[in-house]
Amino acid sequence: MVVSACAKDSGGGDSGPADASGSGCEFAPPPSAVAATSSTAATGEKVDGSALKVGLAYDIGGRGDASFNDLAAAGFDQAIRDLGVKKENSREVSAAPNEDESAKQTRLRQLASEGFNPIVGVGFAYTEALRAVAPEFPDVRFGLVDSAVEGAANVTPLVFAEQEGSFLAGVVAAYQSRKCHVGFVGGVDIPLIQKFEAGYYQGARTAAPKIRLDKKYITPAGDFTGFQDPPKGQEAAKGLIDKGADVVYPAAGASGIGVFAAVKQAGVLAIGCDADQYNQPALANNRDVIVASSLKRVDVAVYDFIRAAAKKDLASLPKVFDLKVNGVGYATSGGKIDATLQGILEGYKAQIIEGRIKVADKP
C-alpha cells in the first residue's frame, strides 16, 4: 500500500513429505475438542422495529460485492423479516472508489436530515465523516462498522476480532496444503486487513510450525480500489501460486472474485473471507475451490445494532464481536472438511475463547 504492496517471502520451511492425510506439513499436536458456547446480543424477545427508518451507507462495492457489504445487507434484510423494518421507508447508498471525503459527509448528512435513524456506516472509511456529522445530529443513532469515533456518544462502534476467525482459516490452510505453502491476498495494506493476515499466519504456524507463507497486497494504504478490482486480485493470487502457494486466503472485498478465478485456473485451493463464500451466487462458477470460509459476522452486528436501536438499548451490544459472541467464526460448506479436521478446529476455537490462545492483531 505504498510503492508496492508485494511482500517478500514470509519465511517458513520447505514442504516435506506428505503425511497420511495427504498434506505436506508436519503438524503440531492438535488440541482436544472442547465444547464451547457462543451467543449474540439478540435474545428470543420480540422486538418491533416497524417505526424505524434505517439508513445504510455501504463501503465501496455496495450490495452485491459477495463479501463485506453483502453481509451488512443480509443483516438489514433480517431486520426487515424479524423486526418489521419497512424497506420502503429505509434507504441504501454506496461509496465510490477514491471519492472525496466530503462525499461521505454529504451522504450521511442527507440521510440524517431526511429522518433516517438509525444509520449504519458500513466500513472504517466513514470514521472521519461521522466525526464531523454525528455532532450535528445528536439524536440520531449511528453505527460504525470496523471503527469508533472518540467522544461521540451517538456513534456505536461495531468492531470485530477478525484475527480470531482468520486464525481458524490458517489452521484449515495448513491441513489442506499439499506443499505446506500458503498465501494471503490483502485488498489494501491497512491495519484492518493486517488483522486478517496476522491471524491467518498465526493459525497456520500454530498448526504447522514449518509452513511457508507468502503475501501480496493489491494496493497501498490510501488507495481503496484494492477492494474492488477483481483483475488485480487475480494477478496477485497468480503471483503467489506461481511461487508455490497451493491454498490462498483473500481479505480483499470484491477483488476476492479474481482471486478465486486464479485459484480455479491453477487447480489449487482457497479459503473464503467474511461470508460463507461457497454459497455466494457471484462465486458459483468457482466455489468448488473454496474449502472453507472465515466468517466476519457483519450481518450479526448490523442486525443486533438495528434491534438494539429499536429497543433503545444500545448498551446491550458487545464491545467486540469475537468468537465468544459469534461475531466471527468459520464455515465448512462444500463438504471438504472431514470430521477429524472439524474437531481440530473446534479445539482451537475453544482455546481462543477460553483465553489459552491469544491471537495477535498485527503481523
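Please refer to the structure higher up on the page.
A few points on the structure. (Residues numbered from 1 in each chain as written. Predicted model: local features only at pLDDT ≥ 70, side-chain atom pairs only at ≥ 80, totals over all residues. Heavy atoms only, no water.)

Each strand in a sheet pairs with its neighbour through backbone hydrogen bonds, running either in the same direction (parallel) or in the opposite one (antiparallel). Spatial strand order, β2-β1-β3-β4-β5: 5 strands in an open sheet with parallel pairing. The open sheet has two edge strands, β2 (91-94) and β5 (155-158), and neither has a second partner. Neighbouring strand axes in the sheet, compared pairwise and without regard to direction, differ in orientation by 20° on average. As paired strands, strand β1 (residues 55-58) and β2 are joined by 4 bridges and run parallel to one another. Across the sheet, residue A57 finds its bridge partner in β2, namely V93. Across the sheet, helix α1 (residues 68-83) is in contact with β1, β2 and β4 (142-145); its angle to β1 comes to roughly 170°. (Pairing = 2+ DSSP bridges. Helix = DSSP H or I, 4+ residues; strand = E, 2+ residues; numbered from the N terminus. Axes fitted to C-alpha atoms, helices over the stretch in contact; angles between N-to-C directions. Contact = heavy atoms within 4.5 Å.)

Now for the state of the cysteines. Summed over all chains, the structure comprises 1 disulfide. Across the disulfide, C25 is cross-linked to C180 (sulfur-sulfur distance 2.1 Å). Disulfide C25-C180: torsion about the S-S bond near 105°, hence right-handed. In this pair, C25 is assigned in the segment before β1 and C180 in the loop between α4 (162-176) and β6 (181-188), connecting sequence segments 155 residues apart. Here C25 and C180 have matching classes, each one buried. (Disulfide = S-S within 2.5 Å. Buried < 20%, exposed > 50% of the residue type's maximum accessible area, 1.4 Å probe, protein only.)

Summarising the element assignment, A284 is placed in the loop between β9 (269-272) and β10 (290-296). A relative accessible area of 45% places A284 in the partly exposed class. Residues A284 and G253, 31 residues apart in the sequence, show an inter-C-alpha distance of 16 Å.

Counted residue by residue, β10 has 7 buried out of 7 residues, so it is predominantly covered. In the sheet, β9 pairs with β10 via 3 bridges, with the strands oriented parallel. Bridge pairing in β10 places I271 opposite A292.

Pairing within the open sheet is mixed, and its 6 strands lie in the order β7-β6-β8-β9-β10-β11. Each having just a single partner strand, β7 (212-219) and β11 (328-331) make up the two edges of the open sheet. Shown here is a sheet whose adjacent strand axes are inclined to one another by a mean of 20°, direction ignored. In the packing of helix α5 (residues 191-207) onto the sheet, contacts are made with β6, β7, β8 (247-251), β9 and β10, and the angle to β6 comes to roughly 170°.

Here the focus is the layout of surface pockets. Of the voids in this model, the second largest pocket is the one considered here, and its volume is about 160 Å³. Lining the second largest pocket are 13 residues, and of these E99, E101, K104, A125 and F224 lie nearest its centre. Per-class residue counts for the lining of the second largest pocket are 6 nonpolar, 3 polar and 4 charged. (1 Å grid on protein atoms, 1.4 Å probe; cavity = no way out; pocket = protein on both sides within 12 Å on 5 of 7 lines; lining within 4 Å. Points joined across faces, edges and corners; volume = space filled by probe spheres on them. Nonpolar A, V, L, I, M, F, W, Y, C, P; charged D, E, K, R; others polar.)

Along the chain, R63 falls in the loop between β1 and α1. Aside from chain neighbours lying at most four places away, what touches R63 is Y58, N69, D70, A73, F76, D77 and E92. A polar atom in the side chain of R63 sits 3.0 Å from the side chain of D77. In this structure the side chain of R63 is engaged in a polar contact, spanning 2.9 Å, whose partner is the side chain of E92. (Polar contact = N/O pair within 3.5 Å; in protein donor to acceptor, adjacent residues only side chain to side chain.)

For the rest of this paragraph, the subject is the side chain of S177. Note that S177 resides in the loop between α4 and β6. A residue is classified by how much of its surface remains accessible, and S177, at 0% relative accessible area, is buried. There is a polar contact of 3.3 Å between the side chain of S177 and the backbone nitrogen of K179.

At a closest axis distance of 10 Å, the pairing of α4 and helix α9 (residues 339-354) adopts a crossing angle of 150°. Classified by the interaxial angle, the pair formed by α4 and α9 is roughly antiparallel. Pair α4 / α9 crosses with right-handed handedness. Seen from α4, the contacting residues are E164, F167, L168, V171, V172, Y175 and Q176; seen from α9, they are L341, I344, L345, Y348, K349 and I352. (Parallel < 35°, antiparallel > 145°, perpendicular 65-115°, else oblique. Left-handed = near helix turned anticlockwise from the far one by under 90°.)

Time to look at empty space enclosed by the protein. What the rule picks out here adds up to 3 cavities of 30 Å³ or more. Taken as a whole, the largest cavity holds about 210 Å³ of empty space. Around the largest cavity, the lining is made up of 19 residues, and of these F68, I193, F227, G253 and D274 lie nearest the centre. Of all the elements in the fold, those that place two or more residues in the lining of the largest cavity are α1 and α5. With 3 residues, the top contributor of residues to the lining of the largest cavity is α5. Class assignment of the residues belonging to the lining of the largest cavity gives a composition of 11 nonpolar, 3 polar and 5 charged.

For the rest of this paragraph, the subject is the packing of aromatic side chains. One pass over the full model with this rule turns up 9 aromatic pairs. Where F184 meets Y249, the ring centres are 6.0 Å apart and the plane angle is 55°; that geometry is what we call tilted. Within this pair, whereas F184 is found in strand β6, its partner Y249 is found in strand β8, the two being separated by 65 residues in sequence. Each member of the pair, F184 together with Y249, is buried. By way of ring pairs, the aromatic residues F184, Y200, Y201, Y217 and Y249 are connected into one cluster. Across from the ring centre of F116, 4.7 Å away, lies the NZ or CZ of K53, which sits over that ring. (Phe/Tyr/Trp six-rings, centres within 6.5 Å; stacked < 30°, edge-to-face > 60°. Lys NZ or Arg CZ within 6 Å of the ring centre and 35° of its normal.)

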